[in-house]
Structures are given as C-alpha cells and as structure tokens.
Amino acid sequence: MKKINFLLAILVSLSLSTLAFAGDWSKIRIGTEGAYPPWNNMNAAGELEGAEIDLAIDLCKRMNAECEFVAQDWDGIIPALQNGKYDAIMAGMSITEERMEKIDFSIGYMTEPASLSALSNTALGTLNAPGKLNLDDMDAEAKGLLSTLQSALAGASVGVQTATIHENFLNEYMPDVTIKVYDTQQNMELDLAAGRIDAALCDKAAMETFADTPAGSGVTLIGPDLFGGSFGAGVGAGIRKSDSDLTAMFNKAIADATADGTVSRISMEWFGKDLSM
Amino acid sequence: MDFELMYESFFKLIKGIPLTLEVVIISTILGFFLAILVALMRISKKGYLSKTAYYFVYAVRGTPLLLQIFFIYYGLAQFSFVQESFLWIVLKDPFWCAIIALTLNTCAYSSEIIRGGIQSVSKGYLEAGSALGMGRILSFRIIMLPLAIRQALPAYGNELILMVKASSLVSTVTLMEITGIARKIISQTFAPIEIFLVAGSIYLLINFLITRGIKVAENKLSPDLA
Amino acid sequence: MLELLSFGDQGWGDEMLLAGLMTILVSLSSVCLGLLIGVILASFKLSKSKILKLTAEIYTTVVRGVPELLVIYLLFFGGSSAVMYFAKIFGYDGYIELNAFTIGTFAVGAISGAYSTEVIRGAILAVPKGQFEAGETLGMSKFQMNLQVIFPQVARLALPGIGNVWQITLKDTSLISVTALVEIMRQAKVAAASEHEPFVFYTTAILLYLLITTGSNKFFNKAEKKFSKGFVVEESA
C-alpha cells in the first residue's frame, strides 16, 4: 500500500499543471526546437545551447524578465505557442506573410540567406553558380541564376525541412524537382551525407555547421545565396497576436541589442559571421 | 470548423491512398510467407531454429515500430560500408526501408498467429493423412495449411488493420502516404483538427472495408459455420 | 563509441536512462487512465442502454481504427484548445499550461483505454453466472458483491489481456515526441541528431525497451501466479 501511495504521489506531482497569467511579463517562456545548430541545439549535458539561447537570455535581461526555455518539435511549434505552452518562439523562424496570418513577429534579430548543398563528389557538387539571388529584386543576373538552378536541379531530389520557407521556395520556383520533406534539419543532413537526396535546401549557416563536422565532411554548399520573396524577411521571435505588449517589449530589446552590438557579438561567437540586421 | 478546408483536403489526402495500400499489401504478403517460415522454425524440434525464431519474435514485438523504422532507415545508413555495398540498392530508398520494417513487424506477430493455427489442427487429421499414405509435405499442404489458415483468418484480419495503422508511421521517413500528406497540409494551414478528422475518416473507411472483406473470406472458407 | 553513452556532461548515458524512467512512468499513468476508461466503457457496453452501448462502441472502433499517430496529434493539438475552451466557459481567460507529461498521458491513455475496454468486457463476461447468483442469494448488496466477489475474478481473468495492453501502451509512448516529452524515442532522436550517430542511440533505445519488456514480463508472470492462488481449474469432461 505504501508503495502505491508513493507512486501515486510521484504521478500526481508530475501532472500538476501550472497556470500562466498573461500580462505580467516577469517570466517569459521561450519555445525553441533544440535541433537546429548553431541557432539552437541540445548538448550532451541535456541543455539547450546556441545563438538564440544566448540572445534570448540577453533580451530577457533587457526586459527585466526571467527566461525559461521549452523544447518543442518543429511540427507543433506554432500550435503550441497558440495553446500557451510558451510565450515566444525563437527557433530560427523566418518572418513570412503566411505565418503572420497566425502569429505576430517581433522585428527581425538575425538574417541569413538560404543555400543549396550537395555532396562534393557528385555532378551537382561541382555546380558553379555563385552570387546572390534576391527574390525581391529580380534583375537580369538574378533571372539567369534562377534558370541555371532550375535546369541543374531538374529531376533531382532535394531535401527540405517540413513547413519551412525552403519548402515554400521549392514549391513555388522548382516544379521539376522531387521534394523530400524531413521532420528535422539534422535528419535531412544525415540523408544528404548518405547520398539519399541529390541536394538539400536550407539555412546557409546551419549547413555550414554540419559541413564542418566529420559526418558532414563530404558536403559542400553550391549555388548562390538565396533570400527575399518566399524566404521571408529575417528571423524574428514569434508571439501570439493577443500579446502585443510582449511584442513591443521584444522589439525594444532587440533594437537595443542590435544597436549596442550584442547581436553581432553573439552572432560572431556562434556563426563566425555577423548576422545582425 | 472549416468545412471548406476539409472538403479541399479530402481530395489531397486520397492521393496518399495508393502509397498506403502499396506499403500495406507488399509488406503483408512478404510478411505472411516469412511468418510461415518463422512459425515452422518455432515449432521445430531443433533447438537452434526454435530459439532463433523465439528471440526474433521477442525483439520485434518488444520494441516500437517507429524505432525499428528509424533504426533501419537512419541507423543502418550511417555506415559507409553499407552505403557502398549492394544492400544500398534497397536501403537507399525509404520505400524499401519502410517495407523491410513493416514486413519484419508483421512477420513477428503473424508467426504467432500461424503457429497457433498450425498447433490447433487436431492430430487426428494428420494421422488420417499418413494412414492414407500421404507424405509429410503433402499432408502439410493439403490438410494442415488450409485448416490453419481458416483458424487464423479472424486474427489475421485484425493484423491487416494493424498494418494499415502502422503504415502511417512511414510518414516519418519522407514517404507521402495519407498521414504524410495530412501532416504537410497541417503545417501549411495550422488546422490540425479539421485535417485529422478527414484523414481519420479515410483510415476508418479503409479498415471498415477490410473488416467486411475478411468476413466475406471467412464465410467462403467456412460455409458450414456461416 | 561508448563515450557517447557515458554519464555526466559529456555523455548521453544519464539522459537515456532518465528517458527510460520517463517511458515507464508515462506508460504506467497511461495504462491506469486506460483502465479507468476501460472499466467505464466496458460497463457501458454491458449495460442495457442503447446510447451507452453506442457511445462505447464508437469510441473503441474509432480509437482502434485510426492510426495512433493521428490520434495523438489530434489530442495534442486539439486537447489544449479543448481544455482552454472549457476554461473560458468557466470564466478563466488565461492560458492553462498542461505540461507534456499530462498531455502525453492523456493521449496514450485514451488509446490504451480502447483496448482495455475489450479486455475488461471479455473478463467480466467470463466470470461464471453462478458467481453473480451466489452473491445475490447471500444477500450481498451489488456494491459488496462487485467488490468482494466479482472484481478479484475479473482481475485474474483480465490479467493476460492487461499484460498485452501494457505492451501496446509501452510502445505507443514512442509516438508522443510531438509533445516534446523526453521519453526514450525522443531522447534517442535528440542524441542521434546532436552527435550524428543514429546507430548507437537507436540501438541503445532498442536495448532499453527490451529491458523494460523483459522486466514487465517477469512482473506479469508473477502477478498471474499470485492472482491464481487457490483457484482450481474445473476439470472438463
């Protein structure tokens, strides 16, 4: 009987729900994926780490709030925000019109172009099409780059993470491509390294981080830097529409952090380059 | 409740039915033949055969199918010696990795069902067979197998339904069957409840048809019991 | 390779074991919730009311016919909304944060309940009518009879089926990674991704599940022996 009581006590304490009161932002819960280095990642000590973790801690300090991090699979990251599991999403999430129909965003705090990648010992790996492709500003050079990409990738299989700007781009601009959708960035990287997909489209810095690891040594980035249009307007914090006061707080904190170089510093530390906006 | 969305998604979701059925039918058939083999191994008097079969069934039934799928798809692909071997022709494709995982899974469960069927056939029938001069293989084929199948059919119908449900897990390795398409639509429309209602209904319909089909097969095989 | 599984800050060993513990806890609470649902729905199915029978029938058919992944997603995404919807009715406008453990238990427990219903219903039907009649003859109240005569026998008859339900539920907990609850499957995925070593961690996960399965089998065998004490199997003619 004592054993059952003890067990019941454990189970009850595990199920205790906490009631979150909106409006008094002394404690802010930040939702992140934890599978997207160097933006956010889970290390061997079981802790979340990454550029966005450090930035969030800094922003919370500026907002006089205590930060709490909640890991959530990318699949459910927006519904979980709307259900109140946390108060803000900082998970390398780009600001897009599609997402803005459901949630609000703070101003962008970092921005990084997307890029294609492939195994260096394949035909696509030797693709030579450098430059910058801005979907908002399609001059002649950009149009040429785009059609080079379209013909190079025709019939190829390209991996993307589910529900990302990268998936949207392929759907919109690359009709001849077989799109392979992955639940996480890292599973896509594994398949790219194994040769299951011909190429992958994702955040440039994330793939650079993978290419630096032993598992990703065969991977190289190809093609131009891609941004603008369906790639959104930078990475921002996702916040519920009803929490406009929190959005304002984030905006001020981000603006201050950008102005005094904190964002650049954190960016240099994690990305090796300055991603601030 | 966004009924218009449900209506539109229905037509997108049924595009996943062929792949779902392909995966289910191929794994079930392969698994069935493999299961007969494993069931025979299990009943065998040779210790090493029956022990191997026992541990195989134990391991497959004791671990989640999702884990088995991930192990086969991502775990095995990690090694360059696998990537360079002839196995890679099969293991490279998520479709075949899924088939392997589902086949092994249904084989483990079905072998127990078939074993039960075989062991339920009264010794009397087999003695009659040998009295008539039938060899072991002949009596197995003509006497035991049909009776075992008839006995096992209801349980096998259940196994088919479990396979249809299991097929939804292959959406986690980039295969776009019904659940894969459902998750994609949800990630774009943020309307999980509506989409899952439609997808769930499609699965219920498939399972309903299977149940009906099994009943018809049962009636045909056992007209005396109908 | 083994350093990856070491304990402490550099290895994932401690995280994997904790995840194993979490798997056991979630499975336990889900099976308990499932048994509760099972008892209620089994009594619905055995009752004379057509509505109750239909409700229970719909529940078990739907939950056993729709893939678990869909049910879990539906309960995860819809459950939190439903709870808040009900809370609004009572005038509470804030956000109720249901922690991952509760949601996971609720989702897996709902599925487990559908299977438990059939097991319990079968067990109740298997209790000889004579037992009920004897109880009535002795003047026991229905409650007394159920508690002291019927329930122990149902427990004994249901035990193998419950063992089966436990196995199913244990494996279903691998599907709740969307709730971000750190059980074995999720921890293995996170570790495999972080270290780019899927083989090591998925193998570890397999071993952990087999460990739990083996332990559970021993437990259920012991329980079956204990519940069958003093029970004499009737000799059939």
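Scroll up for the structure.
Everything quoted here is computed from the prediction, not taken from an experiment.

A look at the overall build of chain C
When helices and strands are tallied, chain C shows eight helices and one strand. When the elements of chain C are put in sequence order from the N terminus, they spell out α-α-α-β-α-α-α-α-α. Buried residues in chain C amount to 42% of all 237 residues. For chain C, the proportion of contacts with a sequence separation of at least 24, taken over those separated by at least 6, is 75%.

A look at the interface of chain C and chain B
Taken together, the contacts link 24 residues of chain C with 24 residues of chain B. Listed by contribution, the elements that provide at least two residues to the side of chain C that touches chain B are helix H2 (50-65), helix H3 (68-89) and helix H8 (198-227) of chain C. Considering every element that reaches the side of chain C that touches chain B, the biggest residue donor is H8(C), with nine residues. Residues that form the side of chain C that touches chain B fall into these classes: 17 nonpolar, five polar and two charged.

Quick notes on the pairing of strand E9 (residues 114-119) of chain A
All names here are of chain A. Burial runs high along E9: six of the six residues are buried. A two-sided burial pattern is seen for E9, the buried positions comprising Ala 114, Leu 116 and Ala 118 on one face and Ser 115, Ser 117 and Leu 119 on the other. Pairing of E9 with strand E13 (residues 199-203), which is carried by four bridges, proceeds in the antiparallel orientation. Within the sheet, the bridge partner assigned to Ala 114 lies in E13 and is Asp 203.

Notes on the sheet that holds strand E11 (residues 157-161) of chain A
Residues and elements named next belong to chain A. Read across the open sheet, the six strands follow the order E10-E14-E9-E13-E11-E12; overall the sheet is mixed. Where the open sheet ends on each side, the last strands, each with one partner, are strand E10 (132-134) and strand E12 (178-182). Neighbour-to-neighbour, the strand axes of the sheet open up by a mean angle of 30°, direction not taken into account. The sheet contact formed by E10 and strand E14 (residues 219-227) spans three bridges and is parallel. Bridge assignment links Lys 132 to a residue of E14, and that residue is Asp 225. The strands touched by helix H6 (residues 165-173) are E9, E11, E12 and E13; relative to E11, the strand with the most contacts, the crossing angle is about 145°.

A short note on the nonpolar core
In this structure, A:Ala88, B:Ile69, B:Ala98, C:Ile72, C:Ala107 and C:Ala205 are the most contacted members of the largest nonpolar core, which totals 196 residues. Among the elements that take part in this core, helix H4 (residues 100-126) of chain C stands out by supplying 13 residues, more than any other. Looking at this core, you find at least three residues from each of domain 1 (24-111 + 233-271) and domain 2 (114-231) of chain A. Excluding residues that lie within four positions of it along the chain, B:Ala98 makes contacts with B:Val23, B:Ile69, B:Val170, B:Val173 and B:Leu175.

Some points on unusual backbone geometry
All names here are of chain A. Of note, the amide linkage connecting Pro 37 to Pro 38 takes the cis form, showing an omega dihedral of 0°. The backbone of Asn 64 shows a phi angle near 55°, a positive value even though the residue is not glycine. Note on placement: Asn 64 falls in the loop between helix H2 (51-62) and strand E6 (66-71). Even without glycine at this site, Ala 163 takes up a positive phi of about 55°. On the secondary structure map, Ala 163 appears in the loop between E11 and H6.

Topic: the environment of B:Tyr125
All names here are of chain B. Of note, Tyr 125 is situated in helix H8 (residues 123-131). C-alpha separation for the pair Tyr 125 and Ser 139, spaced 14 residues apart in sequence, amounts to 9.1 Å. The residues touching Tyr 125, leaving out its near neighbours within four places in the chain, are Ile 143 and Leu 147.

Considering the sheet that holds strand E3 (residues 35-36) of chain A
All names here are of chain A. In space, the three strands of this open sheet follow the order E3-E4-E5, with antiparallel pairing throughout. Both outer strands of the open sheet, E3 and strand E5 (48-49), are each paired with one neighbouring strand and no more. Where strand E4 (residues 40-42) and E5 come together, two bridges link them in antiparallel fashion. Bridge assignment links Asn 41 to a residue of E5, and that residue is Glu 49.

The rules we used
Residues numbered from 1 in each chain as written. Chains lettered and ligands numbered in written order. Predicted model: local features only at pLDDT ≥ 70, side-chain atom pairs only at ≥ 80, totals over all residues. Helix = DSSP H or I, 4+ residues; strand = E, 2+ residues; numbered from the N terminus. Buried ≥ 20, exposed ≤ 12 C-beta atoms within 10 Å, placed from the backbone. Contact = placed C-beta atoms within 7 Å. Nonpolar A, V, L, I, M, F, W, Y, C, P; charged D, E, K, R; others polar. Pairing = 2+ DSSP bridges. Axes fitted to C-alpha atoms, helices over the stretch in contact; angles between N-to-C directions. Core = buried A, V, L, I, M, F, W, Y, C linked by C-beta atoms within 7 Å. Domains from an automatic or database assignment.

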